[in-house]
Amino acid sequence: MSVGLLAVVDDILSAALKASAKTAGVVIDDAAVTPQYVQGLAPARELPVVGRIALGSLFNKFIIIIPLALLLTAFAPWVLPYLLLIGGTYLCFEGAEKVTEWFGVHHGAGSTDSVTEPKLVFGAIRTDLILSTEIMLIALAGLDPDLGLWPTLGALIVIGLVMTAVVYGAVALLVKIDDVGLQMMKNSVRRTRRTGARIVRAMPTVFRVISVIGTVAMLWVGGHLVIANLAETFWHGPYDLLHTIEHAIEAAGPVVTWTVDTAISAVAGVVLGMVVVAIVLGIGRLRGKH
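Residues numbered from 1 in each chain as written. Predicted model: local features only at pLDDT ≥ 70, side-chain atom pairs only at ≥ 80, totals over all residues. Heavy atoms only, no water.

Trainee: Could you give me a rundown of the environment of Val280, with the residues and numbers involved?
Mentor: Here Val280 is to be found in helix α10 (residues 254-289). A C-alpha to C-alpha distance of 9.4 Å links Val280 and Phe93, two positions 187 residues apart in sequence. (Helix = DSSP H or I, 4+ residues; strand = E, 2+ residues; numbered from the N terminus.)

Trainee: Tell me about helix α4 (residues 79-102), and name the residues and values.
Mentor: Spanning 24 residues, α4 covers 36 Å between terminal C-alpha atoms, matching the ideal 34 Å at 1.5 Å per step. In the segment just after α4, Gly104 is the residue with positive phi, at about 90°. (Expected span 1.5 Å × (residues − 1).)

Trainee: So, the packing of helix α3 (residues 43-75) against helix α7 (residues 149-185): which residues are in play, and what are the values?
Mentor: Relative to each other, α3 and α7 sit at 165°, their axes nearing to 10 Å. With respect to each other, α3 and α7 are oriented roughly antiparallel. Considering only the axes of α3 and α7, their crossing is right-handed. Taken together, the residues of the contact of α3 with α7 sort by class into 18 nonpolar, 4 polar and 4 charged. (Axes fitted to C-alpha atoms, helices over the stretch in contact; angles between N-to-C directions. Parallel < 35°, antiparallel > 145°, perpendicular 65-115°, else oblique. Left-handed = near helix turned anticlockwise from the far one by under 90°. Nonpolar A, V, L, I, M, F, W, Y, C, P; charged D, E, K, R; others polar.)

Trainee: Please set out the UniProt feature "transmembrane region" (unreviewed entry) in the protein chain residue by residue, giving values where relevant.
Mentor: If you check UniProt for "transmembrane region" (unreviewed entry), the listed places come out as residues 62-80, 153-177, 198-221 and 263-284 in our numbering. Each end of residues 153-177 is marked by a C-alpha atom, and these two atoms are 36 Å apart; helix forms 100% of the span and strand 0%. In residues 198-221, helix accounts for 100% and strand for 0%; the two terminal C-alpha atoms are 33 Å from one another. (UniProt positions renumbered as here; feature names shortened; annotations may be inferred.)

Trainee: Quick one: what's the story with the nonpolar core, residue by residue and with numbers?
Mentor: Ranked by internal contacts, the top residues of the largest apolar core, which has 49 residues, are Val50, Ile53, Leu91, Met136 and Leu156. Contributions of two or more residues to this core are made by α1 (2-21), α2 (24-33), α3, α4, α6 (117-142), α7 and α8 (190-233). Per-element tally for this core: the top contributor is α6, with 11 residues. Beyond its immediate stretch of four places on either side in the chain, Leu91 contacts Thr127, Ile130, Leu131, Met218, Val221, Gly222 and Leu225. (Core = buried A, V, L, I, M, F, W, Y, C linked by side-chain atoms within 4.5 Å. Buried < 20%, exposed > 50% of the residue type's maximum accessible area, 1.4 Å probe, protein only. Contact = heavy atoms within 4.5 Å.)

Trainee: Let's hear about a nonpolar patch on the surface: which residues, and what values?
Mentor: Together, Phe59, Ile63, Ile64, Leu68 and Leu83 make up a nonpolar patch on the protein surface, roughly 430 Å² of accessible area in all. It is α3 that provides the largest number of residues to the nonpolar patch, a total of 4 residues. Here Ile63 falls in the exposed class, since its relative accessible area comes to 53%. (Patch = residues over 30% accessible without salt bridge, like charges linked within 9 Å, V, L, I, M, F, W, Y side chains within 5 Å. Areas by Shrake-Rupley, 256 points an atom, 1.4 Å probe, with all protein chains shown as cover. Salt bridge = Lys/Arg side-chain N within 4 Å of Asp/Glu carboxyl O.)

Trainee: Before we move on, could you go through the pattern of salt bridges and cite the residues and values that matter?
Mentor: A complete count under the given rule lists 5 salt bridges for this structure. As a salt-bridge pair, Glu117 and Arg45 come within 2.8 Å of each other at their nearest N and O atoms. Placement of the pair is Glu117 in helix α6 and Arg45 in helix α3, with a sequence separation of 72 residues. Accessibility expressed as a relative area gives 33% for Arg45, which makes it partly exposed. Residues Lys176 and Glu46 are paired through a salt bridge, measuring 3.6 Å at the closest nitrogen-oxygen approach.

See the structure below:
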């Protein structure tokens, strides 16, 4: 009995490892997007907020995404591309909104409300829902369809736990590394103090870079989701164009192909996101007039 159980566990872990490898790109995006949500918080609140976002991510995966994905895969697989299309469009909107803020366009009526902790947590969990959906759906697609319901569920649970630990462990390290630098500055060894000072000075630049990477990641992932799922629902044109470009440059190697694919997806995300931002701003102004 124990040997059979170990064999099942081994199958689940092997399937989870194989499927999770395909989600690496989105996991990196998730880790890049999240730190911007804790910028501006008091140092004492950074880890508690990261913890709340991580718990929200687990709720997203285990209460919403996995049950819904399994049900839809079994009974209405045609719905999944529409959900991903909506999620991708939202990511494009959120990314484009941040781009417009770089150029001085501010959204919302009150800047104080926009930085309250509950809103930051809610915004991070909402974005995580979309990114986690793509992670879990990619993982589900990478599992053997003959694996069976319970082993599939077990593999998805393992993937969800590991991905959440990796993403939010990395986020927690990033947001607290400046505190490590401050502690190093109190050390009696001069070299350690200087290293700590360099870390503290570098962290604002690091967070600005992470914020830019996170925004680009939103646009890239959102644009890719929209292009891929448009082909599954309404319109093959953008996907066919992307495939033609990839085919034309594939001789340059996988790195160049991936870079061009990412750039095109990000540009598509910016264009779509700006359209949605313009619509939202227009509706907001019309409501303000009334």
